[in-house]
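Residue strings, one per chain:
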Amino acid sequence: MREKIFKLIGWGGAGLFADFVVSSGLYYFLSMPVVLCGMIGFLFGSLVSYFVYLYVTFAQRKLSFSWVALYRFLKASLFSAVVRVFSLSLLDWLTDLYGVITLVLSIVISSL
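Residues numbered from 1 in each chain as written. Predicted model: local features only at pLDDT ≥ 70, side-chain atom pairs only at ≥ 80, totals over all residues. Heavy atoms only, no water.

1. What to know about the overall build of the protein chain
And step 1. Within the protein chain, the regular secondary structure consists of five helices and zero strands.
And step 2. Starting at the N terminus and ending at the C terminus, the protein chain contains elements arranged as α-α-α-α-α.
And step 3. Dimensions of the protein chain along its principal axes, counting C-alpha atoms only, are 45 × 35 × 25 Å.
And step 4. By the burial criterion, 29% of the 112 residues in the protein chain qualify as buried.
And step 5. Counting only carbon and sulfur atoms, one obtains 73% of the accessible surface of the protein chain, whose full area is about 7,700 Å².
And step 6. Across the protein chain, the centroid of the 8 positively charged side chains sits 23 Å from that of the 4 negatively charged ones. (Helix = DSSP H or I, 4+ residues; strand = E, 2+ residues; numbered from the N terminus. Buried < 20%, exposed > 50% of the residue type's maximum accessible area, 1.4 Å probe, protein only. Areas by Shrake-Rupley, 256 points an atom, 1.4 Å probe, with all protein chains shown as cover. Lys, Arg positive; Asp, Glu negative; His and termini not counted. Charge placed at Lys NZ, Arg CZ, Asp CG, Glu CD.)

2. Regarding the pattern of salt bridges
And step 1. Here the structure, examined in full by the defined rule, presents one salt bridge.
And step 2. Close ionic contact of D19 with R84 constitutes a salt bridge, the shortest N to O distance being 2.7 Å. Placement of the pair is D19 in helix α1 (residues 2-29) and R84 in helix α4 (residues 78-94), with a sequence separation of 65 residues.
And step 3. Looking at D19, the relative accessible area reads 3%, which means it is buried. (Salt bridge = Lys/Arg side-chain N within 4 Å of Asp/Glu carboxyl O.)

3. Here's the deal with unusual backbone geometry
And step 1. Residues other than glycine seldom take positive phi values, yet S31 does so here, at roughly 50 degrees.
And step 2. When you line up the elements, S31 lands in the loop between α1 and α2 (34-57).

4. Quick notes on the confidence of the model for the protein chain
And step 1. When pLDDT is averaged across the protein chain, the result is 80; 90% of the residues are at 70 or more.
And step 2. Taken element by element, the predicted model of the protein chain shows its lowest mean pLDDT in helix α5 (residues 99-111) (76) and its highest in α2 (84). (pLDDT = per-residue confidence, 0-100.)

5. Description of the packing of aromatic side chains
And step 1. Scanning the model with the defined rule gives two aromatic pairs in all.
And step 2. Geometrically, the ring pair formed by Y50 and F51 is edge-to-face, given 5.1 Å between the ring centres and 80 degrees between the ring planes.
And step 3. The class for Y50 is buried, based on a relative accessible area of 6%. (Phe/Tyr/Trp six-rings, centres within 6.5 Å; stacked < 30°, edge-to-face > 60°.)

6. Points about the packing of α4 against α5
And step 1. Viewed as axis vectors pointing N to C, α4 and α5 meet at an angle of 145 degrees, and their least axial separation amounts to 9 Å. Helix-helix and strand crossings are classified by hand; for α4 and α5 the assignment is right-handed. Every residue of α5 that contacts α4 at S80, V83, R84, S87, L88, L91 and D92 is listed here: T102, L103, L105, S106, I107, I109 and S110. (Axes fitted to C-alpha atoms, helices over the stretch in contact; angles between N-to-C directions. Left-handed = near helix turned anticlockwise from the far one by under 90°. Contact = heavy atoms within 4.5 Å.)

7. Quick word on the side chain of S87
And step 1. Positionally, S87 belongs in helix α4.
And step 2. Residue classification places S87 among the buried positions, given a relative accessible area of 6%.
And step 3. Discounting chain neighbours no more than four positions away, the residues touching S87 are S106 and I109.

See the structure below:
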């Protein structure tokens, strides 16, 4: 049981980690707007999560890649994307927080 929980949390966090790395990388190295960085990071993190769940979490089922399944996965993430855009816009507009703090807060809010 302990191994399953560790696997779920560890591999589940891979998408969030990829999201944060891509978002902050775009923000710092390319000086892109924080909202755009957050959305690109969200999309990349969603793709990482899809492939982690496909090939690691559900490996016993021997699922294969499908564009239809990817579309369904991204469609299910649509509400989180709306929350991400709203929280990024609101935090960027109302606060003078540092870019990384804005990104981290929006990742946390949209992950709930």
